Amino acid sequence: MVAMLPGFACCLMLVYLYHENANNPVVAAFAWPELAMVAAILAWYRLARFAFQPEGCTLPCWFCLLAMALQLTVLPDEWGTPFRLVLVSNLLWFGLHLGQMLGSMTDAPVGEEPPAEQDGGSFTPPEQE
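Residues numbered from 1 in each chain as written. Predicted model: local features only at pLDDT ≥ 70, side-chain atom pairs only at ≥ 80, totals over all residues. Heavy atoms only, no water.

Moving on, we come to the packing of helix H2 (residues 31-47) against helix H3 (residues 58-74). Put simply, H2 and H3 touch, their axes get as near as 8 Å, and they point 155 degrees apart. In this view, H2 runs roughly antiparallel relative to H3, as classed from their interaxial angle. The two elements H2 and H3 meet at a crossing, and its hand is left-handed. Facing Trp32, Pro33, Leu35, Ala36, Met37, Ala39, Ala40, Leu42, Ala43, Arg46 and Leu47 of H2, the residues of H3 in contact are Leu59, Pro60, Phe63, Cys64, Leu66, Ala67, Leu70, Gln71 and Val74. (Axes fitted to C-alpha atoms, helices over the stretch in contact; angles between N-to-C directions. Helix = DSSP H or I, 4+ residues; strand = E, 2+ residues; numbered from the N terminus. Parallel < 35°, antiparallel > 145°, perpendicular 65-115°, else oblique. Left-handed = near helix turned anticlockwise from the far one by under 90°. Contact = heavy atoms within 4.5 Å.)

Here helix H1 (residues 5-21) crosses H2 at 150 degrees, and the two axes come no closer than 9 Å. As the angle between them shows, H1 and H2 are arranged roughly antiparallel. The chirality of how H1 crosses H2 is left-handed. Contacts from Pro6, Gly7, Cys10, Cys11, Met13, Leu14, Leu17 and Tyr18 in H1 reach Pro33, Glu34, Met37, Val38, Ala40, Ile41 and Trp44 in H2. In terms of residue class, the contact of H1 with H2 is made up of 13 nonpolar, one polar and one charged. (Nonpolar A, V, L, I, M, F, W, Y, C, P; charged D, E, K, R; others polar.)

The terminal C-alpha atoms of H3 lie 25 Å apart, and with 17 residues this matches the ideal 24 Å at 1.5 Å per residue to within 8%. Of the residues making up H3, those classed as buried are Pro60, Cys61, Phe63, Cys64, Ala67, Met68, Leu70, Gln71 and Val74. (Expected span 1.5 Å × (residues − 1). Buried < 20%, exposed > 50% of the residue type's maximum accessible area, 1.4 Å probe, protein only.)

Okay, the side chain of Asn90 next. Relative to the helices and strands, Asn90 resides in helix H4 (residues 81-105). For Asn90, the residues in contact, after removing those within four places along its chain, are Pro6, Cys10, Ala40, Trp44 and Gln71.

The next subject is the nonpolar core. Met37, Cys64, Phe83 and Phe94 are the most contacted members of the largest nonpolar core, which totals 25 residues. Elements represented by at least two residues in this core include exactly H1, H2, H3 and H4. What Phe83 contacts, discounting residues up to four positions off in sequence, is Met13, Leu17, Pro33, Met37 and Val74. (Core = buried A, V, L, I, M, F, W, Y, C linked by side-chain atoms within 4.5 Å.)

This next bit is on the side chain of Glu34. One can find Glu34 in helix H2. The buried charged residue Glu34 lacks any salt bridge, with Arg84 as its nearest oppositely charged partner at 17 Å. Look past the residues within four positions of Glu34 in its chain and what remains in contact with it is Leu14, Leu17 and Tyr18. (Lys, Arg positive; Asp, Glu negative; His and termini not counted. Salt bridge = Lys/Arg side-chain N within 4 Å of Asp/Glu carboxyl O.)

Here we come to H2. Taking 1.5 Å of rise per residue, 17 residues should cover 24 Å, and H2 covers 24 Å from first to last C-alpha, within 8% of that figure. The complete set of buried residues in H2 reads Pro33, Glu34, Ala36, Met37, Ala39, Ala40, Ala43, Trp44 and Leu47.

Turning our attention to the confidence of the model for the chain. If pLDDT is low for a region, its predicted coordinates should not be looked at in detail. When the pLDDT values of the chain are averaged, the result is 75; 72% of them are 70 or greater. Across the chain, the element-wise mean pLDDT spans from 79 in H4 up to 85 in H2. (pLDDT = per-residue confidence, 0-100.)

As a further point, take a nonpolar patch on the surface. A surface patch of nonpolar side chains, about 270 Å² in accessible area, is lined by Met4, Leu5 and Phe8. Considering the arrangement of structural elements, one finds Leu5 in helix H1. (Patch = residues over 30% accessible without salt bridge, like charges linked within 9 Å, V, L, I, M, F, W, Y side chains within 5 Å. Areas by Shrake-Rupley, 256 points an atom, 1.4 Å probe, with all protein chains shown as cover.)

So, in structure tokens, the structure goes:
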């Protein structure tokens, strides 16, 4: 449960950012932090799929890289300490997961095909005689 605290903090920060800047007519003042939080939430969502289906890490890698790039863009801005803690914790977490995912992609021997994915949701009728 402790591992999901940065993800929950992203949701709270997104609500806080919107609440504080809803009346601000300058969209550029708060658009990048909100995009960073949305990208982080999408990355958390994509990382949660590894609990159920460990194969295939293209989309989670892409969302982690997007979230890390946007959060590095927002980090130097003058936001409060809680916002920076959320950004840094997400950066560290996504960096660790990205390294793990990319490392698992290179563990397969060269020339061997990965095992075929099993489709657990499809129904094949029994053969009739």
